[in-house]
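One letter stands for each residue in the lines below.
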Amino acid sequence: MNPNEVRAFMVIRLKKRVFVTRKIPNDGLNIINQEFNAFVWPDEFPPSKEEIVQNAVDCEGLVTLLSDPIGAEVIEQLPNLKVIVQYAVGYDNIDVKFATKKGIIVTNTPGVLTETTADLTWALIMATSRRINEADRYVREGHWKVAWSPELLLGSDVYGATLGIIGMGRIGRAVAKRAQGFNMKILYTSRSINERDTELRQQFGADHVDLVTLLRKSDIVTLHIPLTSDTRHLIGKAELAMMKQGSILINTSRGQVIDEDALYQALMIKHLAAAGLDVFTEEPISLDSPLLQLENVVLAPHIGSASTYTRSTMAKMCAENLRAALAGAKPPNIVNPEVL
Ligand code: DGY
């Protein structure tokens, strides 16, 4: 090695080691690569738990995706780890309690993806209500033989309908805002006793109700809650039965908040008119899933936050969170501030 090469080698050795479990957009990745001695998992498929441990064993930083299982058994094997930087707002794949116990900071990317996810929610509301995907297939498959038919592909009106929002956090409110243009009546549930009830009533005419009332009265129900032990299968057979005949269910949060088998039954017997799903119990959904056989389901591959701007901004936020945590400062988007 010549002196320049030795110097470059030493600089890399001095930089803190970071494992990035997938290639994230360059706006963030370039910063990470510049400031840290980073190894980026080259494959599109996620590393296994063993591969995460192998690659992160001497790292101080770990940048993760929601499909990386970062449980206690993984964290336990990473003795140098100081921060887990999640490239998502949801972090149900990480055992935050255990990380906190180990003194490890966890960060996420809240806020930036709110509007993008609300847009996708609305795309699913419109597509299911007006049967857009069925219409598209109808035309492509050559079924359109009669110029205009009075009862072809009848859907339901969004304008003036009642929208039930389960979870009135950032994304729930962004969905409610869009519903104003459709003159919708809004009902919502919220985990906390909402100090914003008055504001939400004034702003959107929205009423805070219990889950049963919401399910019984809404024409369209949309889920905007994190996955926790309390919300797993929040919508099961009994809850689906409470929903109005011919109503629509939308999910852009996490698949496990719905009992998918029960949902399949409710859709098959047409108790629900349709469902719009961006998230599933198992991702990717198996091609054998009966949901794929149903005409009245619109499916998307977990793309709620998938706009170029949002995904790039999420990557930049990850770089900032990583930089702050490894410099001993409080990261802007810390999930477990009690660790400090
Ligand atoms: C999240 O951020 O939790 C979404 O599911 C993916 O962006």
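Remember, predicted model here, so these are calculated numbers, not experimental data. (Residues numbered from 1 in each chain as written. Predicted model: local features only at pLDDT ≥ 70, side-chain atom pairs only at ≥ 80, totals over all residues. Heavy atoms only, no water.)

Visitor: Describe the sheet that holds strand β10 (residues 247–251), listing the residues and the values that go with them.
Guide: In any sheet, the strands associate via hydrogen bonds between backbone groups, in a parallel or an antiparallel arrangement. Strand order across the open sheet formed by seven strands is β8-β7-β6-β9-β10-β11-β12, with parallel pairing between neighbours. Each edge of the open sheet is held by one strand with a lone partner, namely β8 (207–208) and β12 (297–299). Where strand β11 (residues 272–277) and β12 come together, three bridges link them in parallel fashion. From the neighbouring strand, Leu277 faces β12, where its bridge partner is Leu299. (Pairing = 2+ DSSP bridges. Helix = DSSP H or I, 4+ residues; strand = E, 2+ residues; numbered from the N terminus.)

Visitor: Can you break down the packing of aromatic side chains residue by residue, with the values?
Guide: Under the definition given, this model contains three aromatic pairs. On the numbers, 5.9 Å between centres and 10° between planes, the contact of Phe19 with Phe39 is stacked. With a gap of 20 residues between them, Phe19 in strand β1 (residues 17–20) and Phe39 in strand β2 (residues 37–40) connect regions that are remote in the sequence. For Phe19, a relative accessible area of 0% corresponds to the buried category. By relative accessible area, Phe39 is classed as partly exposed at 34%. Here the aromatic rings of Phe19 and Trp41 are separated by 6.4 Å at their centres, their planes lie at 85°, and the arrangement is edge-to-face. Of this pair, Phe19 sits in strand β1 while Trp41 sits in the loop between β2 and α3 (49–56), placing them 22 residues apart in sequence. (Phe/Tyr/Trp six-rings, centres within 6.5 Å; stacked < 30°, edge-to-face > 60°. Buried < 20%, exposed > 50% of the residue type's maximum accessible area, 1.4 Å probe, protein only.)

Visitor: Quick one: what's the story with the domain arrangement of the chain, residue by residue and with numbers?
Guide: For the chain, the domain assignment lists domain 1 (3–111 + 308–339) and domain 2 (114–299). Centre-to-centre separation of domain 1 and domain 2, based on C-alpha positions: 34 Å. Of the roughly 540 Å² buried at the junction of domain 1 and domain 2 (both faces included), carbon and sulfur atoms supply 43%. There are one salt bridge connecting domain 1 and domain 2. Between Asp92 and Arg254 there is a salt bridge whose closest N-O contact spans 2.9 Å. Seen at the junction of domain 1 and domain 2, the total is three residue pairs in polar contact (both at pLDDT 80 or more). (Domains from an automatic or database assignment. Buried area = accessible area lost by both parts, 1.4 Å probe. Salt bridge = Lys/Arg side-chain N within 4 Å of Asp/Glu carboxyl O. Polar contact = N/O pair within 3.5 Å; in protein donor to acceptor, adjacent residues only side chain to side chain.)

Visitor: Could you give me a rundown of the site of the ligand, with the residues and numbers involved?
Guide: Near the ligand you find Leu66, Ala88, Val89, Gly90, Leu113, Arg254, His302, Ser305 and Met314, and these make up its full shell. Arg254 places a polar side-chain atom, nitrogen or oxygen, 2.7 Å from an oxygen atom of the ligand. Within the side chain of Ser305, a nitrogen or oxygen atom sits 2.6 Å from an oxygen atom of the ligand. When isolated, the ligand has an accessible area of 230 Å², and the protein chains bury 89% of it. Its residues assigned to classes, the shell around the ligand shows five nonpolar, three polar and one charged. (Near = heavy atom within 4 Å. Areas by Shrake-Rupley, 256 points an atom, 1.4 Å probe, with all protein chains shown as cover. Nonpolar A, V, L, I, M, F, W, Y, C, P; charged D, E, K, R; others polar.)

Visitor: Lay out a nonpolar patch on the surface in plain terms, naming residues and giving numbers.
Guide: Where nonpolar side chains cluster on the molecular surface, the patch consists of Val139, Trp144 and Leu152 and spans about 290 Å² of accessible area. Looking at the element boundaries, Trp144 is found in the loop between α7 (132–140) and β6 (162–166). (Patch = residues over 30% accessible without salt bridge, like charges linked within 9 Å, V, L, I, M, F, W, Y side chains within 5 Å.)

Visitor: Go over the packing of helix α2 (residues 26–35) against helix α13 (residues 308–326) with me, naming the residues and quoting the values.
Guide: The N-to-C vectors of α2 and α13 enclose an angle of 25°; their axes lie 6 Å apart at closest approach. Taken together, the axes of α2 and α13 lie roughly parallel to each other. Each of Asp27, Gly28, Ile31, Ile32 and Glu35 in α2 lies in contact with α13, whose residues at this interface are Ser312, Ala315, Lys316, Ala319, Leu322 and Arg323. Tallied by class, residues from the contact of α2 with α13 come to five nonpolar, two polar and four charged. (Axes fitted to C-alpha atoms, helices over the stretch in contact; angles between N-to-C directions. Parallel < 35°, antiparallel > 145°, perpendicular 65-115°, else oblique. Contact = heavy atoms within 4.5 Å.)

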